[in-house]
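# Reading the structure
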Amino acid sequence: MIASHLLAYFFTELNHDQAQKIDKYLYHMRLSEETLQEVSQRFGKEMEKGLGAETNPTASVKMLPTFVRSTPDGTEDGDFLALDLGGTNFRVLRVKVSDNGLQKVEMENQIYAIPEELMRGSGVQLFDHIAECLANFMEKLKIKDKKLPLGFTFSFPCHQTKLDESILVTWTKGFKCSSVEGKDVVSMLRKSIKKRGDFDIDIMAVVNDTVGTMMTCGYDDHNCEVGLIVGTGTNACYMEEMRHIDLVEGDEGRMCINMEWGAFGDDGVLNDIRTEFDHEIDMGSLNPGKQLFEKMISGMYMGELVRLILVKMAKEGLLFGGKLTPDLLTTGHFETRYVSAIEKEKEGLQKAHEILSKLGLEPSQEDCVATHRICQIVSTRSANLCGATLAAVLRRIKENKGVDRLRSTVGVDGSVYKKHPHFARRLHKTVRKLLPDCEIRFVRSEDGSGKGAAMVTAVAYRLAAQHKARQKILEALKLSHDQLLEVKQRMRIEMEKGLGKETHPEATVKMLPTYVCSTPDGTEKGDFLALDLGGTNFRVLLVRVRNGMRHGVEMHNKIYSIPVEIMQGTGEELFDHIVHCISDFLEYMGMKGVSLPLGFTFSFPCQQNNLDEGILLKWTKGFKATGCEGEDVVNLLKEAIHRREEFDLDVVAVVNDTVGTMMTCGYEDPYCEVGLIVGTGSNACYMEEMRNVELVEGEEGRMCVNMEWGAFGDNGCLDDIRTEFDLAVDELSLNPGKQRFEKMISGMYLGEIVRNILMDFTKRGLLFRGRISERLKTRGIFETKFLSQIESDCLALLQVRSILQHLGLESTCDDSIIVKEVCAVVARRAAQLCGAGMAAVVDKIRENRGLDFLKVTVGVDGTLYKLHPHFSTVMHETVKQLSPKCEVTFLQSEDGSGKGAALITAVACRIREAGQR
């Protein structure tokens, strides 16, 4: 009993001593955590180089774009073919993917040999042979009459320019077919199939086996965004943000990058950790100086590294009593599978004895222990190096996403990873050590190169079908030049109706006279008060207008709130509250008891019979004060001032905010004769010839007309361009059937249109994986400011995703691109419609004056116009296209509703004084 214990102890000690000896000898192969961090950092830099347009030509890690834009989302469906060519055999597969909530994949495949003479013959012969095997396979399955989509795994170095175009850079793995290098392998295969004429297929994608691995795992785990192969060779791929890929146009979304990482170190960056054995392997290889990283880790070289170490140690008398055998001296005789066998827990030492004996050696127990340790060191270094580069990839994904903790999955394939007893565990451990703040899952891929190609095809097929379906829906929102011209002409007809005495009562575009007959000429001067009432807040302003040298406007203002009970109380209470605020303001300015001319911006629908008389037609925006509708608001204000008996004011003008906007800009630019507001709501006004304003007596001069153009289309004249989404938004609004034009262009509604489209897409399974969240069903969550943010050019998709997350919408990268596109389509249509309306206005002014060419300025205000990144540009372009005979300048108004009212008052006072003189 004691003897056996002693014996075991003796062996353990012996093993320990022997292992320590080897550790010392192979000191350079044992990499510290610092060294691995350093390798990881260097690899990160190499990735950057490969992605940059300037640095790519000289980069050793090529970072090739694969044009695979998206990983599976589990809704893929259909029947697909796959070809897998990467060695002396090639396979044809049929893959059936079904998604009836169960995600299932069925496969049938057949292996065909490629005869030696074909591998060295002409390219045409090779592809003819592949086409023949494909025909044979389809014949067998009786699917020759179907045109199925096909994915092609072609595991040779290729330069891809599209998903279905791949140019062979060089043959490897013993292939030497003539006139294929530099050509597109897809078109060669297509030619061979076409030449036969007995079947037709749709080749949708060419992929590399690494990408296939990622896609296969991605079908089962939607977090999978990295593919890794460690087998005979090694490589990896991952999903990179498009904005970082200089070699491909476009910044939207992501694309899978085939890294070709085996070439890491070919530029010398790994020289300090390469050992004499690595140099020796490289010198004896078919491609000296190339794929140096691969030669340190992959299965093709692992056994050979161990053999070289054994030979050197034997030569130095440290193993096998200094004895060498011809077998041990033959390149390739120590196979990588031996390394796996020797490292097995239980029978490892016994295996070592068998293998070494087979090589003609007579190994002692110490020799077996030493060999075991050498295998351990070589395979551990391989796993560690592989972990270091993988950590760099994952770190990059984490930075791209801007998250604190990355949760991601790596799909893995390859004989070394799958068959070596400890490789996978060591690799995982290294990644965890180097990236403590990430949760990384490793999934073994089952048949990446075959099923993977079918998966890429299934995803491409799904994306193409979904894209087509979405475009069909969005088509209705895209207006042609002819349609816009038609809108312009109809606006013109409606304008004429509103101006005509007979037609005015039933006109939808009301064309209200404002009694503002002149724009500023720059000689205005004096102090004016302005009131601005158009919502829940109310402003009082003092505006000092100077002329002469110090031509300019100085303003002071104070904002007061209007409590809900006053908004919905009696008219007297409302106007008493307003006068109370004016009194407070005058006191605040130290001007009590001064009588000033006052302009009143009152942004509710009014019928004006004079500049200082506005009859309220109906309250909007939540106001319900009784006893006001049908009354003159100027009178109501004057009565309230008299009730207070504190001060007297001269109410000169009541104006609408659109007119105020025109006047403010008119003070800066004498050509300004049009006002436009595109904010929460939308409206326009312009200077019309008095002879055309039939509702007002007199033929001479001009008058500003408040168009109230939001109601354009209320008579059904826009029904042919209104979509189901416009109808849905209108139906659920506070005023169904009213303000139809406004509902297609103004800020209050665009977000709702977008939300309705997103709902429709989701119901059809074209977005958010077909899952409608409660949030998305909520009216009004999609504020128009989000449209401006989402479309802003400097925003990466990440930020779009965070806006969507804020809305409670879990989105993928693809979803974000789609949402962005919907926002763009809706905003573009709004800007074009607005432009068509504007074109009608400026052309009317031009024709009124009998001009061949008109130079005019439009004063513009409103959040949508000012804040949306593209609205103004698109609108300007539309006006230019639809009114080529007008040169239209757009001027942004600063504070039209406040300053504008004061300026109208100033102009009226100037004219009144001139009349008195």
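You'll find the structure just up there.
Rules and cut-offs
Residues numbered from 1 in each chain as written. Predicted model: local features only at pLDDT ≥ 70, side-chain atom pairs only at ≥ 80, totals over all residues. Heavy atoms only, no water. Buried < 20%, exposed > 50% of the residue type's maximum accessible area, 1.4 Å probe, protein only. Helix = DSSP H or I, 4+ residues; strand = E, 2+ residues; numbered from the N terminus. Pairing = 2+ DSSP bridges. Phe/Tyr/Trp six-rings, centres within 6.5 Å; stacked < 30°, edge-to-face > 60°. Lys NZ or Arg CZ within 6 Å of the ring centre and 35° of its normal. Axes fitted to C-alpha atoms, helices over the stretch in contact; angles between N-to-C directions. Contact = heavy atoms within 4.5 Å. Salt bridge = Lys/Arg side-chain N within 4 Å of Asp/Glu carboxyl O. Patch = residues over 30% accessible without salt bridge, like charges linked within 9 Å, V, L, I, M, F, W, Y side chains within 5 Å. Areas by Shrake-Rupley, 256 points an atom, 1.4 Å probe, with all protein chains shown as cover. Lys, Arg positive; Asp, Glu negative; His and termini not counted. Charge placed at Lys NZ, Arg CZ, Asp CG, Glu CD. Left-handed = near helix turned anticlockwise from the far one by under 90°. Nonpolar A, V, L, I, M, F, W, Y, C, P; charged D, E, K, R; others polar. Expected span 1.5 Å × (residues − 1).

Glancing now at the pairing of strand β11 (residues 254-258). Most of β11 sits out of view: 5 of its 5 residues are buried. Where burial is concerned, the two faces of β11 agree: the one with Arg254, Cys256 and Asn258 and the one with Met255 and Ile257 are both buried. Where strand β1 (residues 64-65) meets β11, 2 bridges bridge the pair, whose relative direction is antiparallel. The partner of Leu64 across the bridge, within β11, is Asn258. In terms of strand pairing, strand β10 (residues 234-241) meets β11 through 5 bridges, oriented antiparallel. Each residue of the ladder has a partner; that of Glu241, found in β11, is Arg254.

Using the criterion set out here, one finds 22 aromatic pairs in the structure. These aromatic residues form a ring-pair network of at least three members: Phe152, Phe154, Phe156, Trp171 and Phe175. Over the ring of Tyr671 we find Lys855, and its NZ or CZ is 4.4 Å from the ring centre.

What follows concerns the sheet that holds strand β16 (residues 537-546). Here 5 strands make up an open sheet; going across it, the order is β17-β16-β15-β18-β21 and the pairing mixed. Edge positions in the sheet fall to β17 (552-561) and β21 (650-655), since each of these pairs with one other strand and no more. Neighbour to neighbour, the strand axes of the sheet diverge by 20° on average, direction disregarded. Against the sheet, helix α18 (residues 571-588) engages β15 (526-533), β16, β17 and β18 (597-602), with an angle of about 130° to β17.

A side chain of one charge can pair with a side chain of the opposite charge when the charged atoms of the two come close. All told, the structure shown has 68 salt bridges when counted by the stated rule. Among the salt bridges present, the one from Glu48 reaches Arg396, with a minimum N-O distance of 2.9 Å. With Glu48 in helix α2 (residues 33-51) and Arg396 in helix α12 (residues 365-401), the pair connects residues that are 348 residues apart, well separated along the chain. Across the pair Glu554 and Arg544 runs a salt bridge whose closest N-O atoms are separated by 3.7 Å. Of this pair, Glu554 sits in strand β17 while Arg544 sits in strand β16; the two residues are 10 residues apart in sequence, bridging distant segments of the chain. Judged by its relative accessible area of 33%, Glu554 falls in the partly exposed class. A relative accessible area of 21% places Arg544 in the partly exposed class. A single network of salt bridges, built from pairs that share partners, joins Lys488, Arg492, Glu496, Asp843, Arg846 and Glu847.

On to a negative patch on the surface, then. A cluster of like negative charges, contributed by Glu565, Glu572, Glu573, Glu631 and Glu639, occupies part of the molecular surface. As for its position among the elements, Glu573 is in helix α18.

A few words now on the packing of α18 against helix α19 (residues 633-644). Relative to each other, α18 and α19 sit at 65°, their axes nearing to 9 Å. In this structure, the crossing between α18 and α19 has a hand that is right-handed. Packed against α18, whose contacting residues are Glu572, Phe575, Asp576, Ile578, Val579, His580 and Ser583, the element α19 presents Val633, Leu636, Leu637, Ala640, Ile641, Arg643 and Arg644 at the interface. Per-class residue counts for the contact of α18 with α19 are 8 nonpolar, 2 polar and 4 charged.

Quick look at helix α14 (residues 423-434) now. Here α14 spans 17 Å end to end across 12 residues, near enough to the 16 Å set by a 1.5 Å rise per residue. Considered for burial, the residues of α14 that qualify are Phe423, Ala424, Arg426, Leu427, His428, Thr430, Val431 and Leu434. Taken together, the buried residues of α14 touch α2, β9 (224-230), α12, α13 (415-419) and β13 (438-444).

Moving on, we get to unusual backbone geometry. Non-glycine residue Met63 carries a positive phi angle of around 50°. Unusually for a residue other than glycine, Tyr515 sits at a positive phi of about 65°. Its place among the elements puts Tyr515 in the loop between β14 (512-513) and β15.

Here we take up the environment of Leu637. Structurally, Leu637 can be placed in helix α19. Look at Leu637 and you get buried, because its relative accessible area is 0%. With 92 residues separating them in the primary sequence, Leu637 and Val545 have C-alpha atoms 24 Å apart. Those residues within four positions of Leu637 in sequence are excluded, and the remaining contacts are Leu531, Phe575, Ile578, Val579, Leu598, Phe600 and Val651.

Let us now look at the side chain of Glu241. Tracing the chain through its elements places Glu241 in strand β10. For Glu241, a relative accessible area of 7% corresponds to the buried category. Other than its neighbours up to four places away in sequence, Glu241 contacts Gly253, Arg254 and Asn400.

Any functional reading would require information that these geometric values do not contain.
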